[in-house]
Amino acid sequence: MIEKAPYPFEHPLNALVLEVFRLNGALIASGDALVRPLGLTSARWQVMGSVAQGRGGFSVAQLARNMGLTRQSVQRIVDELVGDGIFELADNPHHKRAKLVHLTEKGEALFEEATARWRPHADDLAAVLAPGELARLTELLAQLRARLEEGPLSGEGR
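Rules behind the numbers
- Residues numbered from 1 in each chain as written.
- Predicted model: local features only at pLDDT ≥ 70, side-chain atom pairs only at ≥ 80, totals over all residues.
- Heavy atoms only, no water.
- Helix = DSSP H or I, 4+ residues; strand = E, 2+ residues; numbered from the N terminus.
- Polar contact = N/O pair within 3.5 Å; in protein donor to acceptor, adjacent residues only side chain to side chain.
- Contact = heavy atoms within 4.5 Å.
- pLDDT = per-residue confidence, 0-100.
- Axes fitted to C-alpha atoms, helices over the stretch in contact; angles between N-to-C directions.
- Parallel < 35°, antiparallel > 145°, perpendicular 65-115°, else oblique.
- Nonpolar A, V, L, I, M, F, W, Y, C, P; charged D, E, K, R; others polar.
- Core = buried A, V, L, I, M, F, W, Y, C linked by side-chain atoms within 4.5 Å.
- Buried < 20%, exposed > 50% of the residue type's maximum accessible area, 1.4 Å probe, protein only.
- Pairing = 2+ DSSP bridges.
- Patch = residues over 30% accessible without salt bridge, like charges linked within 9 Å, V, L, I, M, F, W, Y side chains within 5 Å.
- Areas by Shrake-Rupley, 256 points an atom, 1.4 Å probe, with all protein chains shown as cover.
- Salt bridge = Lys/Arg side-chain N within 4 Å of Asp/Glu carboxyl O.
- Lys, Arg positive; Asp, Glu negative; His and termini not counted.
- Charge placed at Lys NZ, Arg CZ, Asp CG, Glu CD.

Trainee: Explain the side chain of T104 to me, please; I cannot follow it from the model alone.
Mentor: With respect to the helices, strands and loops of the structure, T104 is situated in the loop between β2 (95-103) and α5 (105-126). Within the structure, the side chain of T104 is placed 3.0 Å from the backbone nitrogen of G107, a separation counted as a polar contact. Leave out the neighbours within four places in its chain, and T104 touches G85, I86, F87 and E88.

This is the structure:
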């Protein structure tokens, strides 16, 4: 008799992973609706946010690492936003070829408008959690991400 593998959703972490995937999808859909009137998508807004967070000190590779995305996907969006006058590229004193990505004045104004639209939604979402829960939840998710980034997990590469 062949023994069947355990049902994959019996593992307690799988419910969390599935919920994170669903949350990501809901955030993208909500973000798209929120910034569509500004001519943005969630993907463009996310890259703009990473540039804003880095205060213009990140290259495309650094932006991609910061967001957990591939360099190629971020490069495509950066190129589009440079073409739209939202980003500009600047020389990088630490690397000859890897330019730094900056928001232009137009980009800063657009990002501020997107952020202003997001704030009330963020407040509404945060209101469903008790004080301190949001910080604890962020800490727990960061711990799981860090563990994944440490290197191979048991069973990887089999």
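Trainee: Would you explain the environment of P152 in this entry?
Mentor: Position of P152 relative to the elements: it lies in the segment after α6 (133-150). Taking the C-alpha atoms as reference points, P152 and H11, 141 residues apart in sequence, are found 19 Å from one another.

Trainee: Mind showing me how you'd approach unusual backbone geometry here?
Mentor: Unusually for a residue other than glycine, R55 sits at a positive phi of about 50°. Position of R55 among the secondary structure elements: in the loop between α2 (42-54) and α3 (60-67).

Trainee: So what exactly am I meant to see when it comes to the confidence of the model for the chain here?
Mentor: In regions of low pLDDT, the predicted coordinates are not meant to be interpreted in detail. When pLDDT is averaged across the chain, the result is 91; 96% of the residues are at 70 or more. Averaged pLDDT values over the elements of the chain bottom out at 91 in β2 and peak at 97 in helix α4 (residues 71-83).

Trainee: Explanation requested: the packing of α2 against α3 in the structure shown.
Mentor: When two helices pack together, their arrangement is given by the angle between the helix axes and the distance between those axes. Contact geometry for α2 and α3: axes closest at 10 Å, N-to-C directions at 110°. Looking at the two axes, α2 sits roughly perpendicular to α3. Mapping the contact onto sequence places Q46, V47, S50, V51 and Q53 in α2 and L63, N66 and M67 in α3. For the contact of α2 with α3, a count of residues per class yields four nonpolar, four polar and no charged.

Trainee: What should I look at first to understand the nonpolar core in this one?
Mentor: Side chains that are nonpolar tend, in soluble globular proteins, to be buried together. The biggest cluster of nonpolar side chains holds 23 residues, and the ones touching the most others in it are M48, V74, V78 and F87. Elements that contribute at least two residues to this core include exactly α1 (12-35), α2, α3, α4, β2 and α5. Setting aside residues no more than four positions away along its own chain, M48 makes contact with L40, L81, I86, F87, L103, G107, L110 and F111.

Trainee: Please explain the pairing of β2 as it appears in this structure.
Mentor: Successive residues of a regular strand alternate their side chains across the two faces of the sheet. Bridge count for strand β1 (residues 87-92) against β2 is five bridges, and the pairing is antiparallel. Paired with N92 across the strands is H95, a residue of β2. With antiparallel pairing between neighbouring strands as the criterion, β1 and β2 make up a hairpin whose turn holds two residues.

Trainee: Any chance you could explain a negative patch on the surface here in plain terms?
Mentor: A surface patch of negative charge is lined by E88, E105, E108 and E112. If you tally residues by element for the negative patch, the top one is α5, at three residues. Tracing the backbone shows E108 in helix α5. With a relative accessible area of 41%, E108 lands in the partly exposed category.

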